[in-house]
Amino acid sequence: MALDDQRIKVVLADGRQFLAQSQEEFDLIIIDAYSNQYYIPFELVTREFYLLAKKHLRAGGLLALNVNATSESSRLFNAIGNTLKDVFPEVKYVHLPKSYNYLVMAGEKIDLSRLSSISSGPEELRGDALAVARRTVDYRSREGKILTDDRAPVEFMTDSMYLSHYGIRS
């Protein structure tokens, strides 16, 4: 499939505002909304937002988001994972090599078996899909917060994570 395929609808908009005004359902909602190099907008990682997104997913649909974290043990990564786990029965993630990027997926049931059978498209994309399918692990709730609209200290957790990673006490 190409982006000009009639079966694909790409929407570039403020995700939360769009979903709040829309009645549409989707097979896939992708969130990659870093306002700059480090911060994901807090309003896209809260329980309330995930509940809204869940209402817009068709049966078998998937929410996928890019999370920047220095490790899977960071407070930010765990707060996002715990919040997703509070809303969705299944949450999986994969660390993208040589980066601080984690691809986090949530849904009623996540089936990645089709990724390993992709036979068309650029060879690099097929290899990436196979690597994702092989390295994806289940997210298990960990100690940490659940982010809500009235308490989502994303900037603080991000700053603390990077300061700690570089050996600076916060």
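You'll find the structure just up there.
Scope of this entry: the structure provided in the associated data block. Each chain has its residues counted from 1, running along the sequence as written. In keeping with the predicted nature of the model, local features appear solely for residues at pLDDT of at least 70, side-chain atom pairs appear and are counted solely at 80 or more, and the whole-chain, interface and lining totals rest on all residues. As a convention, hydrogens and water are excluded, and side-chain values are obtained from all of the structure's heavy atoms.

A run of H or I in DSSP counts as a helix once it spans at least four residues, and a run of E counts as a strand once it spans at least two, with each numbered from the N terminus. Per the secondary structure count, the protein includes 5 helices and 5 strands. Between buried and exposed lies partly exposed: a residue is buried under 20% and exposed over 50% of the maximum accessible area for its type, with that area taken using a 1.4 Å probe on protein chains only. Taking all 170 residues of the protein together, the buried fraction comes to 39%. In what follows, residue pairs with any heavy atoms lying within 4.5 Å of each other are defined as contacts. Residue pairs at least 24 apart in sequence account for 67% of intrachain contacts in the protein once pairs closer than 6 positions are excluded. Only the protein chains shown count as covering a residue, and every accessible area follows the Shrake-Rupley method with a 1.4 Å probe. For the protein, the exposed surface amounts to about 10,400 Å²; the carbon and sulfur share of it is 51%.

Turning our eyes to something else, we now look at the environment of Phe88. Mapping Phe88 onto the fold places it in the loop between helix H3 (75-87) and strand S3 (90-95). Of the residues examined, Phe88 reaches a relative accessible area of 2% and is grouped as buried. Separated by 38 residues in the primary sequence, Phe88 and Tyr50 have C-alpha atoms spaced 8.4 Å apart. Excluding residues that lie within four positions of it along the chain, Phe88 makes contacts with Tyr50, Lys54, Leu57, Leu63, Ala106 and Gly107.

Right, let's get into the packing of H3 against helix H5 (residues 154-165). All axes are obtained by fitting lines to C-alpha atoms, using only the stretch in contact for helices, and the reported angles, taken between N-to-C directions, cover 0 to 180 degrees. Direction vectors running N to C along H3 and H5 enclose 140°, while the axes themselves pass 8 Å from each other. Regarding the angle of H3 to H5, the classification is oblique. Across the interface between the two elements, Arg75, Leu76 and Ala79 from H3 touch Val154, Phe156, Met157, Thr158, Ser160 and Met161 from H5. Roughly parallel means an angle under 35 degrees; roughly antiparallel means over 145; roughly perpendicular covers 65 to 115; every other angle is labelled oblique.

Further remarks concern H5. In an α-helix there are 3.6 residues to a turn, and that puts residues three or four apart on one side. Along its 12 residues, H5 runs 16 Å from first to last C-alpha, staying within 8% of the 16 Å computed at 1.5 Å per residue. Residues of H5 that are buried: Val154, Met157, Thr158, Ser160, Met161 and Tyr162. On its buried face, H5 is in contact with strand S2 (57-68) and H3. By definition here, a helix of n residues has an expected span of 1.5 Å times n minus one.

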